[in-house]
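The lines below spell out each chain.
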Amino acid sequence: MADLSALTLDAALTGLRNKDFSAKELAESHIATAESANASLGCFLKLTPDHALKAAAESDARLAKGEARPLEGAPLAIKDLFCTEGVETTASSKILEGFKPPYESTVTRRLFGAGAAMVGKTSLDEFAMGSSTETCAYSKTVNPWRANGSNAALTPGGSSGGSASAVAADLCLGATGTDTGGSIRQPAALTGTVGVKGTYGLCSRFGVVAFASSLDHPGPIAKTVKDAALLLGVMAGHDPNDATSLDVEIPDYAAAMGKGVKGLRIGLPKEYVSDGMPEAISDLWKTGADWLKGQGAEIVEVSLPHTKYALPCYYIIAPAEASSNLARYDGMRYGLRVDGEGLVPTYEETRAAGFGPEVQRRVMIGTYVLSAGYYDAYYLRAQKVRRKIADDFAKAFEQCDVLLTPATPSGAFALGEKTDDPVSMYLNDIFTVTANLAGVPAMSVPAGLSADGLPLGLQLIAPPLGEQTLFAAGAALEEAAGFTAKPERWW
Ligand code: GLN
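Rules used throughout
- Per chain, the residues get numbers from 1 upward, laid out in the order the sequence is written.
- Given that the model is predicted, a residue must reach a pLDDT of at least 70 before its local features are reported, and side-chain atom pairs must reach 80 or more before they are shown or counted; all residues, however, enter totals for whole chains, interfaces and linings.
- Hydrogens are left out, water is left out, and the side-chain values use all remaining heavy atoms of the structure.
- To define axes, lines are fitted to C-alpha atoms, for helices over the stretch in contact only, and angles between the resulting N-to-C directions are given on a 0 to 180 degree scale.
- Helix and strand labels come from DSSP, where a helix needs a run of H or I of at least four residues and a strand needs a run of E of at least two; each type is numbered from the N terminus.
- Here the word oblique covers every angle except those under 35 degrees (roughly parallel), over 145 (roughly antiparallel) and from 65 to 115 (roughly perpendicular).
- Crossing handedness follows the turn of the near helix against the far one: under a right angle anticlockwise gives a left-handed crossing, and clockwise gives a right-handed one.
- The contact criterion used is simple: two residues touch if any of their non-hydrogen atoms lie within 4.5 Å.
- Residues are grouped as follows: nonpolar covers Ala, Val, Leu, Ile, Met, Phe, Trp, Tyr, Cys and Pro; charged covers Asp, Glu, Lys and Arg; every other residue, Gly included, is treated as polar.
- Only rings of Phe, Tyr and Trp enter the pairing, Trp through its six-membered ring, and a pair is recorded when the two centres are within 6.5 Å. The plane angle decides the type: under 30 degrees is stacked, over 60 is edge-to-face, the rest tilted.
- Using a 1.4 Å probe on the protein chains alone, a residue whose accessible area is under 20% of its type maximum counts as buried, one over 50% counts as exposed, and one in between counts as partly exposed.
- The criterion for a charge sitting over a ring is simple: Lys NZ or Arg CZ within 6 Å of the ring centre, and within 35 degrees of the ring normal.
- We define a salt bridge as a contact between a side-chain nitrogen of Lys or Arg and a carboxyl oxygen of Asp or Glu at a distance within 4 Å.
- By convention in this text, a residue qualifies as near a molecule or strand provided that one of its non-hydrogen atoms is within 4 Å of it.
- For this analysis, a polar contact is any N or O atom pair within 3.5 Å, provided that within protein one partner can donate a hydrogen and the other can accept it, and provided that sequence-adjacent residues contribute only side-chain to side-chain pairs.
- Here the accessible surface of atoms and residues is derived via Shrake-Rupley with a 1.4 Å probe, and residues count as covered only by protein chains that are part of the display.
- The definitions used throughout rest on a 1 Å grid laid over the protein atoms alone, on which a cavity is an enclosed set of points accommodating a 1.4 Å probe that cannot get out and a pocket is an open set flanked by protein within 12 Å on both sides along at least five of seven lines; lining residues are those having an atom within 4 Å of a point.
- What decides whether a molecule sits in a cavity or pocket is whether more than half of its atoms lie within 2 Å of the grid points.
- Excluding any residue in a salt bridge, patches collect residues exceeding 30% relative accessible area, merging like charges within 9 Å and nonpolar Val, Leu, Ile, Met, Phe, Trp and Tyr side chains within 5 Å.
- By this rule, a helix spans an expected 1.5 Å times one less than how many residues it contains.

Caption draft 1: Highlighting the packing of helix α10 (residues 310–325) against helix α13 (residues 376–399). Following both chains from N to C, one finds α10 and α13 inclined at 125 degrees, their axes separated by 9 Å at the closest point. Looking at the two axes, α10 sits oblique to α13. Relative to α13, the crossing made by α10 is left-handed. Here Ala310, Cys313, Ile316, Ile317, Ala320 and Glu321 of α10 come into contact with α13, specifically with Tyr378, Tyr379, Ala382, Gln383, Val385, Arg386 and Ile389. Across the contact of α10 with α13, the residue classes break down as 10 nonpolar, one polar and two charged.

What follows is the structure, given as structure tokens:
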């Protein structure tokens, strides 16, 4: 039998329905690949073969009766930020060590309810704060890709680096991620996978460990645009448990892929052009625009004048919300407790021992910008800038249907390369944070390889609830790019 783990999600779902193989065989193949790869790649904080095999047994019974659900039998990886009932969920933090949620996140409940199986929980930056998965308190996650002629370990990006690595290395058919400033799209770009975040509120945040609630977007990481469409279609949907969840009809995203880009106006934001942009990235961007033009789209230049304020604005709002969300980890209710002499010392010692340095930095920045005397100068002003950034998008979308930009300023970088310099790490999200601040849907599509053989992605951004346009343009890019490269299996 062919290697089942190399299949796309779409091909695997077809194979299951045609009885080419069973859900049990598919799950076993992914469990075996994931178990053998994890020592080298460190994508999974926990493997959950029992969960996967139990789901597969139910899938085989349903497939036999012709009662397959949309993702029947699909082995997926779940970012360890999603609460999974009875299965340890740590957010890659020591402070949540041993926490077994008594309930299921809405997104995972929807996926499992549609027949998906969980191979394991994937690593991330602690509380999703980072761009390389290196702030994870438990594992070192490595990108399956290596530069030509080099054995140096590269990061898969972050914060959903475990999910991205697992998809790129064929350890699962797709994965969940979350994107607060780029954490789905940046690791997808760095691993040659497809990453999508929908409009803010499209996928419920219920049961997703909160980082910055007004910016957090769950979404899929997948091998192809079609696979991402299939996953998002199941993950999205109204949830009364999340007050910001959108109550909208979820269209068939995969069907939208066939629409093509003929007549679509593709906007290139002029502020994204910078002198420091590596040639490989600017060339790819130009090529991407040519591809879409070749398929009948019109290319227009647009302006997003407040782009330069996006990162500073994000690094005020995100830490502010994080400092408030993370106040609940006090040693009383979840995970770790370090007993001090009295209540306040217990809080302090628990939080000092349980949070890593990046999380502590965010909590300190967040409490500072929210404190009396600084609130107006920082937090309030950042909120006003955020509004301007959202207005920029609204104006740009009067002139175009979808924006095309690079996904990241570079390809995958080495482990340790940016850990001592938080600002250079933060700069990874220069092209992605704006879409979170504005709440608009965005996608990263693998579009080419750098001179040293590493994947690079292009980003598409659509207006609110413009996911169908996003998938139509994503499919067009994917087809034109013909990106079929896979990392060589060294693990
Ligand atoms: N890299 C950004 C940060 O560190 C974004 C992370 C994310 O999207 N979760 O905050």
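Caption draft 2: Structural detail: the packing of aromatic side chains. Applying the stated rule across the entire model yields 17 aromatic pairs. Summarising the aromatic geometry, the rings of Tyr272 and Phe431 are spaced 5.6 Å apart at their centres and angled 20 degrees between planes, so their arrangement reads as stacked. Here Tyr272 is found in the loop between β7 (265–269) and α9 (279–294), whereas its partner Phe431 is found in the loop between α14 (422–426) and α15 (433–438), with 159 residues between them in sequence. Taken individually, Tyr272 and Phe431 each receive the classification buried, so the pair is uniform in this respect. In this structure an aromatic cluster arises from ring pairing among Phe99, Phe127, Tyr329, Tyr334 and Phe355. Just above the ring of Trp490 sits the side chain of Arg146; from NZ or CZ to the centre is 3.8 Å. It is Lys418 that lies over the ring of Phe413; its NZ or CZ is 4.9 Å from the centre.

Caption draft 3: Inspection of the pattern of salt bridges at higher detail. Taken as a whole and judged by the stated rule, the model has 18 salt bridges. Among the ionic pairs, Arg489 bridges to Asp170, the shortest N-O distance being 3.4 Å. Residue Arg489 is located in the segment after α16 (467–481), and its partner Asp170 is located in the loop between α5 (161–168) and β4 (174–179); the two are separated by 319 residues in the primary sequence. With a relative accessible area of 45%, Arg489 lands in the partly exposed category. Where salt bridges share partners, they join Asp3, Asp170, Lys223, Lys486 and Arg489 into one cluster.

Caption draft 4: Focus on the site of the ligand. Close to the ligand lie 15 residues; Gly181, Ser183, Tyr314, Arg362 and Asp429 are nearest. Within the backbone of Gly130, an N or O atom sits 2.9 Å from an oxygen atom of the ligand. Between the ligand and Asp429 there is a distance of 2.6 Å, counted from a nitrogen atom to a side-chain nitrogen or oxygen. Within the complex, 100% of the 290 Å² of free accessible area of the ligand lies under protein. At a threshold of 2 Å from the grid points, most atoms of the ligand map onto the largest cavity. Tallied by class, residues from the shell around the ligand come to five nonpolar, seven polar and three charged.

Caption draft 5: Quick look at a nonpolar patch on the surface. Among the surface-exposed residues, Met332, Leu343 and Val344 lie close enough to one another that they form a single nonpolar patch of about 250 Å² accessible area. Structurally, Leu343 can be placed in helix α11 (residues 343–354). Classification of Leu343 as partly exposed rests on a relative accessible area of 48%.

Caption draft 6: Representation of α16 within the structure. Helix length check: α16, at 15 residues, gives a terminal C-alpha distance of 20 Å against a target of 21 Å (1.5 Å per residue), a fit within 8%. Inspection of α16 places Glu467, Leu470, Phe471, Ala472, Ala473, Gly474, Ala475, Ala476, Leu477 and Ala481 among the buried residues, and these make up the whole buried set. Remark: Gly482 follows α16 within two positions and exhibits a positive phi of approximately 55 degrees.

Caption draft 7: Examining the packing of helix α7 (residues 225–235) against α16 more closely. Two elements in contact, α7 and α16, have axes separated by 9 Å at closest approach and are oriented at 160 degrees. Of the possible angle classes, the one that applies to α7 and α16 is roughly antiparallel. For the pair formed by α7 and α16, the contact residues are Val225, Ala228, Ala229 and Leu232 on the first element and Glu467, Phe471, Gly474, Ala475 and Glu478 on the second. In the contact of α7 with α16, the residues fall into six nonpolar, one polar and two charged.

The values reported here are purely geometric and, on their own, carry no functional implication.
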